[in-house]
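Observations on the three-dimensional arrangement
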Amino acid sequence: MGFDNRQIQTAVLADPESDEPVVCPTDSIELEAFREEFSGTTFWCGVLLGGCGGQLTTRRGNVRVSHFAHFPDPEALLPPCGRRSHGVASADHLYVRAATQAWLRSQGHTPRYRYIDRDDIPIGSLVEIEVGGHTLRLHMDRTTAPDWDAVDTGDVILGPGVRIDQLTLVRRRYVNRVKFVSEGTKRVMVLGTELPRVGTDWDFDLADCTITEDGRLITPVVAQLQAERPVLAAAPDTVSAPSSPAGETLAASQRPSSERVEIPVQIGALVRRISTAVREKETAAVRQLRDEAELQISRCEGQALEHLQGAIQHANAWLSHQDRIRRLLIDQVNEAVQRGYDFEVRHLVPQVREILRHDEDPTQEESTILNAADTLLQEMRRRAGRPQRPSPPVRQRTKPTRAEKAARRTALPQARSLIGRLRVKGLPTAEEKQLIEDLVPLAEAAGDLLSVAERHDVDEWGKKLADPTQWPPADEKAAAAAESEPNSSAVPAGTPARLVPVAAAVRGALKRAARERTTTSWKRLEEQLGSALPRLNNSERVQVLIQVDRATAGDEPLLSSLLAAGDPHFAHQYYRRVVAVIGLEAPDDDEDLRDVIEADVERVFSDWRFR
């Protein structure tokens, strides 16, 4: 089984049967805060998402965005995951409860939620909310047609992609709609009302809406219709209306908004403005609107006060998260400046300036740190013989072109493979120097796709490369002796003789896999090699792979990385032993190990493409 490359963005918390959804942040910095927030919680591919019920983990994105991924299943004991959708919208039906429960209870209702799961409709397409003996039916998927004449339905609410024909819309006079928008790791409900031949008026917050005793959703548009014409206060008809009243209804629905009766919804508008500012990550605007909302608290009571306080709490939580990211980046810039890590400073400063562009002006301390960073970069350019120039204004920053992005993605795995080699202790001087010379341009091309730790190491090696005192003349006799020392045919100490031909067969199979640009697993190798690969325990597999890669040149990636990539359980538990015996280092963290293995696999594919 290969690594799970699907970019799963939604999961449920604590249990496979849970209806508490969560969205994985795509940004690597926000992912760290997300992991801290949910450090004591497990993530699952929930059955209410149409998932397999397996446990998920978070993976930091380097080439891809950060996402959820299934835990490894090397023995293939779990059923294949049948989830059709992995994006943020795939859990919207579960966010219905989170969005509406407190709102309904504040109106005296005790809501009960049902997520309809039938063979004829996909799970998540239909959500029912029972309130006061009536049922609100939310159609979240266009594949399930609404039943407009169901006698037990209080109201039918359509998702943004669910269609209604104009004849039915005219007959019913209006239909309410629902959609979800992302705010950080949450999805926020937005309501709207569609009128015949007018379209949908969106962006109503729940604070603007109520549920009547007969289970009808009243939005500001419906309230305006009721105020304009009392006949429209009744629920939408379920039978055809007479032609004359229908014409009057249509004419009323098409009146200009300037002629409609004004409903005081200032608090709801303020709550929506806060939600919009958070969604668009306009930090300064969120701060200003939060302060404005706090001034309104003394003037509110009841439900309006509750919703206003909720918006303030939401804004404060989001601002606290943004402040934490801002402080983290500033601290990293300060530390990098103090240590003289220009490579790291060069990649951190633009991130800080981008945050400041949407937030308040820098404090005096932050300005001092950024000025010191600019001074360091100017000094480094002067030493390198480059003309000094100030950091470009944030608004002049341009996005990389498609060709530049492709070049960065190509350079990333090669750079990471070289970084892994250079982290090995005791490398021969000549080999180390050559690896650094190869790495520097690749790291420059990969840019901020490399982690902070990787950029720091590259910076240190670059300084070492520029210092001639670090490279004493090589001992020619020692070099000759090293070259003459046999290694390709040597058998590792303690390796049984019977495993030597097995290692040769495995190496041949891995070469074929490399030429075919595919990973493999022990199970697949057993099927391919038959009797040439007897059943081995994990200790014997380690010995075989050590023998396989004894013949791999020191500047080449390990062929066994193809097997580690295709068999992650073996990689996490035993592959580190293979790497250590060969004289390399493997990260302690499983996710970092995965990144190293993926980088090695890309290099193997590249090196063996034409062999």
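Structure first, text after, so check above.
What you are looking at is a predicted structure, and each value in this text was computed from that prediction instead of being measured.

A look at the packing of aromatic side chains
Counted under the stated rule, the structure contains five aromatic pairs. Relative to phenylalanine 43, the ring of phenylalanine 34 has its centre 5.6 Å away and its plane inclined at 15°; by these criteria the two rings are stacked. Judged by its relative accessible area of 2%, phenylalanine 34 falls in the buried class. Ring plane angle 50° and centroid distance 5.2 Å describe the contact between phenylalanine 43 and phenylalanine 68, whose orientation is recorded as tilted. Separated by 25 residues along the polypeptide, phenylalanine 43 in strand β3 (residues 43–44) and phenylalanine 68 in strand β5 (residues 67–70) bring together distant segments of the chain. The same class applies to phenylalanine 43 and to phenylalanine 68, which are both buried. What links up through ring pairs into an aromatic cluster is the set Phe34, Phe38, Phe43 and Phe68.

Thoughts on the pattern of salt bridges
Here the structure, examined in full by the defined rule, presents 23 salt bridges. Between arginine 114 and glutamate 128 there is a salt bridge; the shortest N-O distance is 3.0 Å. Here glutamate 128 lies in strand β7 (residues 126–131) and arginine 114 lies in strand β6 (residues 112–115), a separation of 14 residues in the sequence. A salt bridge links arginine 346 to glutamate 444; the nearest nitrogen and oxygen atoms lie 3.6 Å apart. One end of the pair, arginine 346, is in helix α9 (residues 342–357); the other, glutamate 444, is in helix α12 (residues 429–446), with 98 residues separating them in the sequence.

Some words on the environment of valine 506
By the secondary structure assignment, valine 506 is in helix α15 (residues 499–515). Classification of valine 506 as buried rests on a relative accessible area of 0%. Along the primary structure valine 506 and leucine 525 are separated by 19 residues, whereas in three dimensions their C-alpha atoms are 7.5 Å apart. With residues near it in sequence (within four places) discarded, valine 506 still touches Leu525, Leu529, Leu533, Val544, Leu545 and Val548.

Focus on the nonpolar core
Membership of the largest hydrophobic core comes to 36 residues, with the highest contact counts inside it found for Val506, Trp522, Leu533, Val544, Leu562 and Tyr575. Of all the secondary-structure elements, those providing two or more residues to this core are α15, α16 (522–529), α17 (538–550), α18 (561–566), α19 (568–582) and α20 (590–607). For this core, the element with the most residues is α15, which contributes nine residues. Once residues within four sequence positions are removed from consideration, valine 544 is found in contact with Leu499, Val502, Ala503, Val506, Trp522 and Leu536.

Regarding the environment of histidine 70
Topologically, histidine 70 is positioned in strand β5. Judged by its relative accessible area of 10%, histidine 70 falls in the buried class. Residues histidine 70 and phenylalanine 43, 27 residues apart in the sequence, show an inter-C-alpha distance of 9.6 Å.

What about helix α8 (residues 302–339)?
Between its first and last C-alpha atoms α8 spans 56 Å; for 38 residues at 1.5 Å apiece the expected length is 56 Å, and the two agree. Positive backbone phi, approximately 75°, marks glycine 340, located one or two places after α8.

Definitions and cut-offs
- Residues numbered from 1 in each chain as written.
- Predicted model: local features only at pLDDT ≥ 70, side-chain atom pairs only at ≥ 80, totals over all residues.
- Heavy atoms only, no water.
- Phe/Tyr/Trp six-rings, centres within 6.5 Å; stacked < 30°, edge-to-face > 60°.
- Buried < 20%, exposed > 50% of the residue type's maximum accessible area, 1.4 Å probe, protein only.
- Helix = DSSP H or I, 4+ residues; strand = E, 2+ residues; numbered from the N terminus.
- Salt bridge = Lys/Arg side-chain N within 4 Å of Asp/Glu carboxyl O.
- Contact = heavy atoms within 4.5 Å.
- Core = buried A, V, L, I, M, F, W, Y, C linked by side-chain atoms within 4.5 Å.
- Expected span 1.5 Å × (residues − 1).

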